[in-house]
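A closer look at the structure
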Amino acid sequence: MQKKKLIALAALRKLLTCAICVIALVALFSVHVPIFPSSKKLTTEQSWTQELAPPHLWKAPLPSRKLDRSTGTLETDKLWKPPPNRDFVPCVEPSTNYTSPTESRGYLLVHTNGGLNQMRAGICDMVAVARIINATLVIPELDKRSFWKDSSNFSDVFDEDYFINALSNDVKIIKKLPKELATGTRAVKHFRSWSGMDYYLDEIASMWEEYEVIRAAKSDSRLANNNLPLDIQKLRCRACYEALRFAPQIEAIGKLLVDRMRSFGPYIALHLRFEEDMLAFSGCTQDLSPAEADELRIIRENTPYWKEKEINPVEQRSKGYCPLTPKEVGIFLTALGYPSSTPIYLAAGKIYGGDSHMADLRSRFPILMSKETLASVEELESFSDHASQMAALDYIVSVESDVFIPSYSGNMARAVEGHRRFLGHRKTISPDRKALVRLIDKLEQGTLKEGKNLSNRVIELHRRRYVISHQNLRSSTSITLDYVSRYCGTFKDIHQ
């Protein structure tokens, strides 16, 4: 009898032990304790991401969500999906009969002009010009007299040594003129805009007979986009997308900003040109107070190299010549279907009017970040007083974004879109400003409301504005789009 009791007790203990184990396993899986190697890896990655960003910024990546089809908006995956590359790949290698530079006939000094991206395009042009006229290129001087009054030197913005070495088989480049020529006579020449081979081979190259040094007074738009030898076009591409890297300290902080934006999930880089110089130059006054409009008019009138002084702001906007305002951008993104949880990187300088003009956009998209909010004051300290270096940070984050949206089709918009196309047709949406302002005016007048109707119209307007055929690209102020479409790439089957 005693033996039977002991057997029953042992069986009961085994049963209770099994029950406890089952309960423990259920509890374990219900709280997702990381017991597998993959879970441990995820924990490590999250810890690394947290270290990249200040504690108040870090959030887990946002979940992928689809939008309600009934609203007329696109599904989330379509909002982020890049356009097809149509087997178009980078092709910048020189032809088989391309030779190393021959003995130089003289030295080419270059004074660049404009903002960062205008100077970038000009530098690429001058590399090609130096090749054409068989010159030794002296590292270009950056513009220090423009609107931004930036004192940066070439080596502050770009990787000088890499630039020289990367183009060593194309053009001889030196950092400074030889001492014996530093104070000698030189020809100062305004190269004619959009000039071809004949101009440089005949008119400019003939100057070597009298001068050892030629100084180009301006660099932008000095070389034609068309009817140049293919190897010259490819040289411009190599200079722009391979040789002209940013300085190491800029690249490092730029990568840090990208990583911190990535911690929020896929993100939009918004180039918001609602800045003092742009508004003053263009004469656009939408969403501004009379006092603000008057202040910008005075700035325009007192800037001597801005030739157009009397501008009709209503006419400018109706023709699509004005950058979208922050409020208009918010309406546009909402109509496209981007949810309020979309992370947005603000690629811009100081927004004119500050928070008062950003309130509407921020209320729609609260995860609105910038280099100033992603990085600490100490991290940005060495760049903060230099517009070109700060713009370079925006350029890096914009090129690496999942979607790039410019509020105005200026030099940076074209440069970034071209670079993104060169890297693999990353998605860019260029707002149809002329059509958009008509719709937004109807909202203001009360004849149209936000919702399905507006969304359908905005989506239809922009359905093909980010899938642009390579044959149909044209650019009047920057090399990048035209070059990427016709000279910096080719089709895969041509290689095979």
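What you are looking at is a predicted structure, and each value in this text was computed from that prediction instead of being measured.

Examining the overall build of the protein
Within the protein, the secondary structure is distributed over 22 helices and 12 strands. Taken over 496 residues, the protein has a buried fraction of 51%.

Regarding the pairing of strand E7 (residues 268-271)
Moving residue by residue along a regular strand, the side chains alternate between the two faces of the sheet. Neither face of E7 is open: one carries Ile268 and Leu270, the other Ala269 and His271, and all of them are buried. By the bridge criterion, 4 bridges tie E7 to strand E8 (residues 344-347) in an arrangement that is parallel. Its bridge partner lying in E8, leucine 270 is registered against leucine 346. Pairing between E7 and strand E10 (residues 403-406): 4 bridges, direction parallel. If you follow histidine 271 over to E10, its bridge partner there is proline 406.

Observations regarding the pairing of strand E6 (residues 213-216)
When strand E2 (residues 107-110) meets E6, the two strands line up parallel, connected through 4 bridges. Bridge assignment links valine 110 to a residue of E6, and that residue is alanine 216. In terms of strand pairing, strand E5 (residues 187-189) meets E6 through 3 bridges, oriented parallel. Residue pairing across strands places lysine 189 opposite alanine 216, the latter belonging to E6.

Overview of a positive patch on the surface
On the surface, Lys434, Arg438, Lys442 and Arg457 cluster together into a positively charged patch. It is helix H19 (residues 433-445) that provides the largest number of residues to the positive patch, a total of 3 residues. Assignment of secondary structure puts lysine 434 in helix H19.

So, the state of the cysteines
In protein structure, a disulfide is the covalent linkage between the sulfur atoms of two cysteines. Within the structure shown, the criterion is met by 1 disulfide. A sulfur-sulfur distance of 1.9 Å marks the disulfide that ties cysteine 284 to cysteine 322. Handedness of the cysteine 284-cysteine 322 disulfide follows from its S-S torsion of about -90 degrees: it is left-handed. Of this pair, cysteine 284 sits in the loop between helix H10 (276-282) and helix H11 (290-301) while cysteine 322 sits in the loop between helix H12 (313-318) and helix H13 (326-336), placing them 38 residues apart in sequence. Its relative accessible area of 4% is what places cysteine 284 among the buried residues. We classify cysteine 322 as buried; its relative accessible area is 7%. Lacking any disulfide linkage, cysteine 124 is separated from the closest cysteine sulfur, that of cysteine 240, by 3.7 Å.

A few points about the confidence of the model for the protein
Low pLDDT marks regions whose predicted coordinates should not be analysed in detail. When pLDDT is averaged along the protein, the result is 82, and 79% of the positions lie at 70 or above. Throughout residues 24-74 the model reports pLDDT below 50, and contacts reaching past four residues in sequence, or to other chains, amount to 67 contacts.

Some thoughts on helix H8 (residues 230-243)
With 14 residues, H8 ought to run about 20 Å at 1.5 Å a step, and its terminal C-alpha atoms sit 18 Å apart, in line with that. Within the sequence span of H8, burial applies to Asp231, Ile232, Gln233, Lys234, Leu235, Arg236, Cys237, Arg238, Ala239, Cys240, Tyr241 and Ala243.

Concerning the nonpolar core
One finds Leu108, Ile133, Phe158, Phe163, Phe191, Tyr200 and Phe246 to be the most contacted residues of the largest nonpolar core, which totals 81 residues. In terms of residues, this core owes the most to one element, helix H4 (residues 116-132), which gives 10 residues. Dropping the residues within four chain positions of it, phenylalanine 191 is found in contact with Leu108, Met126, Val129, Tyr199, Tyr200, Ile204, Ile214, Ala216 and Arg222. One finds Ile299, Ile344, Phe365 and Ile440 within the second-largest nonpolar core, a separate group that totals 41 residues.

Digging into unusual backbone geometry
The backbone of serine 221 sits at a positive phi, close to 55 degrees, despite the residue not being glycine. Positive phi is not limited to glycine here, since asparagine 227 has a value of about 60 degrees. Secondary-structure assignment places asparagine 227 in the loop between E6 and H8. Judged by its relative accessible area of 75%, asparagine 227 is exposed.

Criteria and cut-off values
- For every chain, the first residue of its written sequence is number 1, and the numbers climb from 1 along that sequence.
- Residues qualify for local features only when their pLDDT is at least 70, as the model is predicted, and side-chain atom pairs are given and counted only at 80 or more; totals for whole chains, interfaces and linings, by contrast, use all residues.
- Note that water and hydrogens are dropped before the side-chain values are worked out from all heavy atoms of the structure.
- Per the convention used, a helix needs a DSSP run of H or I reaching at least four residues, while a strand needs a run of E reaching at least two, with both numbered from the N terminus.
- Partly exposed describes any residue whose relative accessible area lies between the buried limit of under 20% and the exposed limit of over 50%, with all areas from a 1.4 Å probe on protein chains only and scaled to the type maximum.
- The pairing criterion is simple: DSSP has to find at least two bridges between the two strands.
- To count toward a patch, a residue needs a relative accessible area over 30% and no salt bridge; like charges are then connected within 9 Å, while nonpolar side chains (Val, Leu, Ile, Met, Phe, Trp, Tyr) are connected within 5 Å.
- Here the accessible surface of atoms and residues is derived via Shrake-Rupley with a 1.4 Å probe, and residues count as covered only by protein chains that are part of the display.
- In the sections that follow, a salt bridge refers to a side-chain nitrogen of Lys or Arg positioned within 4 Å of a carboxyl oxygen of Asp or Glu.
- Residues scored as positive are Lys and Arg, those scored as negative are Asp and Glu, and His as well as the terminal groups of each chain are ignored.
- Here the site of a charge means atom NZ of a Lys, CZ of an Arg, CG of an Asp or CD of a Glu.
- Pairs of cysteine sulfur atoms within 2.5 Å are what we label disulfides.
- Per residue, pLDDT captures the predictor's confidence, and it can take any value from 0 to 100.
- The contact criterion used is simple: two residues touch if any of their non-hydrogen atoms lie within 4.5 Å.
- The span you would expect from a helix comes to 1.5 Å times its residue count less one.
- The term nonpolar core refers to a set of buried residues drawn from Ala, Val, Leu, Ile, Met, Phe, Trp, Tyr and Cys, joined through side-chain atoms within 4.5 Å.

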